[in-house]
Amino acid sequence: MMRHICVASADPETLAPFIAALAQAGCAVDCLPTAAATASAVREKAPDLCVVDSDLPDSDAFALVAALLEIDARVTSAVISSLSDEAFHDIGEGLGILLRLPPAPGPAEAARLLAALDAIG
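Calculation notes
- Residues numbered from 1 in each chain as written.
- Predicted model: local features only at pLDDT ≥ 70, side-chain atom pairs only at ≥ 80, totals over all residues.
- Heavy atoms only, no water.
- Axes fitted to C-alpha atoms, helices over the stretch in contact; angles between N-to-C directions.
- Helix = DSSP H or I, 4+ residues; strand = E, 2+ residues; numbered from the N terminus.
- Parallel < 35°, antiparallel > 145°, perpendicular 65-115°, else oblique.
- Left-handed = near helix turned anticlockwise from the far one by under 90°.
- Contact = heavy atoms within 4.5 Å.
- Nonpolar A, V, L, I, M, F, W, Y, C, P; charged D, E, K, R; others polar.
- Buried < 20%, exposed > 50% of the residue type's maximum accessible area, 1.4 Å probe, protein only.
- Salt bridge = Lys/Arg side-chain N within 4 Å of Asp/Glu carboxyl O.

Asks: Quick question: what am I supposed to make of the packing of helix 1 (residues 16–24) against helix 5 (residues 107–119) here?
Replies: Describing two packed helices takes the angle between their axes plus the distance from one axis to the other. Here helix 1 crosses helix 5 at 45 degrees, and the two axes come no closer than 8 Å. Considering the angle they form, helix 1 stands oblique to helix 5. Both helix 1 and helix 5 take part in a crossing whose hand is right-handed. Judged by residue contacts, Pro-17, Phe-18, Ala-21 and Leu-22 of helix 1 engage Pro-107, Glu-109, Ala-110, Leu-113 and Leu-114 from helix 5. When the residues that make up the contact of helix 1 with helix 5 are grouped by side-chain class, the tally is 8 nonpolar, no polar and 1 charged.

This is how it looks when you write it as structure tokens:
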């Protein structure tokens, strides 16, 4: 089954190894540069997963995750963040975020993310 993954990031070059690993694993990956573009894409066709970078020019990552849940409560998300686990948990509590990814994630994080996604079905 091909998974559809949206990556919301204004810096796709930094995420290139991560995105390439997702594609090599058989995922269809759309890179979107803004929160607005991501919300619009989710309205059109909900992805299996949204990966939200903290560098978006028009939204905070957690605000975008909350907005995506309002569009479609079934959207699973992961957030790229340099916050500590405790701070991340405090801010993201209640948003159902699957995973926190480190800044500039690579192939190992892509594999970990797909394994986590597989684990929830």
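Asks: When you look at the environment of Arg-3 in this model, what are you seeing that I'm missing?
Replies: If you trace the backbone, Arg-3 turns up in the segment before strand 1 (4–8). Taking the relative accessible area as the measure of exposure, Arg-3 reaches 13% and is therefore buried. Put simply, Arg-3 and Val-29 are 26 residues apart on the chain and 8.4 Å apart in space, counted from C-alpha to C-alpha.

Asks: I tried to follow the pattern of salt bridges on my own but got confused; where do I start?
Replies: Opposite charge on two side chains permits them to pair, given that their charged atoms come into close proximity. Across all of its chains, the model carries 3 salt bridges by this definition. Between Arg-3 and Asp-118 there is a salt bridge, with its nearest N and O atoms 2.3 Å apart. Pair noted here: Arg-3 is in the segment before strand 1 and Asp-118 is in helix 5, with a separation of 115 residues, a long-range link. For the salt bridge of Asp-85 with Arg-100, the shortest nitrogen-to-oxygen distance reads 2.4 Å. Of this pair, Asp-85 sits in helix 4 (residues 85–92) while Arg-100 is found in strand 5 (residues 97–101), placing the two residues 15 residues apart along the sequence. Since its relative accessible area comes to 55%, Asp-85 is described here as exposed. Taking the relative accessible area as the measure of exposure, Arg-100 reaches 26% and is therefore partly exposed.

On their own, these measurements won't tell you what the molecule is for.
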